[in-house]
Amino acid sequence: MPTQRRSPASLADSEGDWRHYLEHSTPNGWLIRNSAMTEALISGKPMHLLHITRGIDAIRTSR
């Protein structure tokens, strides 16, 4: 059972309603429940991520 948190008005009546919307009404929503990334996140083990972009020089220059 997901933890219940306060949510902004009008998003959803409950976290369960929001999760249902995400899983069933968004493109690839099923990945929330059935993906290696989700499994790794809920495992509690450390996860190392790497993001690569073509514009790294522009990002560094603009800070």
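Up top is the structure.
The sections below set out a description of the structure shown in this document. Quick caveat, the model's predicted, so the values are computed rather than measured.

## A few points about the overall build of the protein
- Regarding its fold elements, the protein presents 3 helices and 0 strands.
- The order of helices and strands in the protein, counted from the N terminus, is α-α-α.
- Counting all 63 residues of the protein, 8% fall into the buried class.

## So, a nonpolar patch on the surface
- On the surface, Met37, Leu41, Ile42 and Leu49 cluster together into a nonpolar patch covering about 470 Å² of accessible area.
- Within the fold, Leu49 resides in the loop between α2 (36–43) and α3 (56–62).

## Quick notes on the packing of aromatic side chains
- Counting across every chain of the model gives 1 aromatic pair.
- A ring pair is formed by Trp18 and Tyr21, whose centres lie 5.5 Å apart and whose planes are at 25 degrees; its orientation type is stacked. Of the two residues, Trp18 and Tyr21 both sit in helix α1 (residues 15–25), 3 residues apart, roughly one turn of that helix.
- Under the relative-accessibility criterion, Trp18 is labelled partly exposed at 35%.

## As for unusual backbone geometry
- Positive phi values are uncommon outside glycine, yet Asn28 reaches one of about 60 degrees.
- Turning to its location among the elements, Asn28 is positioned in the loop between α1 and α2.

What counts as what
- Residues numbered from 1 in each chain as written.
- Predicted model: local features only at pLDDT ≥ 70, side-chain atom pairs only at ≥ 80, totals over all residues.
- Heavy atoms only, no water.
- Helix = DSSP H or I, 4+ residues; strand = E, 2+ residues; numbered from the N terminus.
- Buried < 20%, exposed > 50% of the residue type's maximum accessible area, 1.4 Å probe, protein only.
- Patch = residues over 30% accessible without salt bridge, like charges linked within 9 Å, V, L, I, M, F, W, Y side chains within 5 Å.
- Areas by Shrake-Rupley, 256 points an atom, 1.4 Å probe, with all protein chains shown as cover.
- Salt bridge = Lys/Arg side-chain N within 4 Å of Asp/Glu carboxyl O.
- Phe/Tyr/Trp six-rings, centres within 6.5 Å; stacked < 30°, edge-to-face > 60°.

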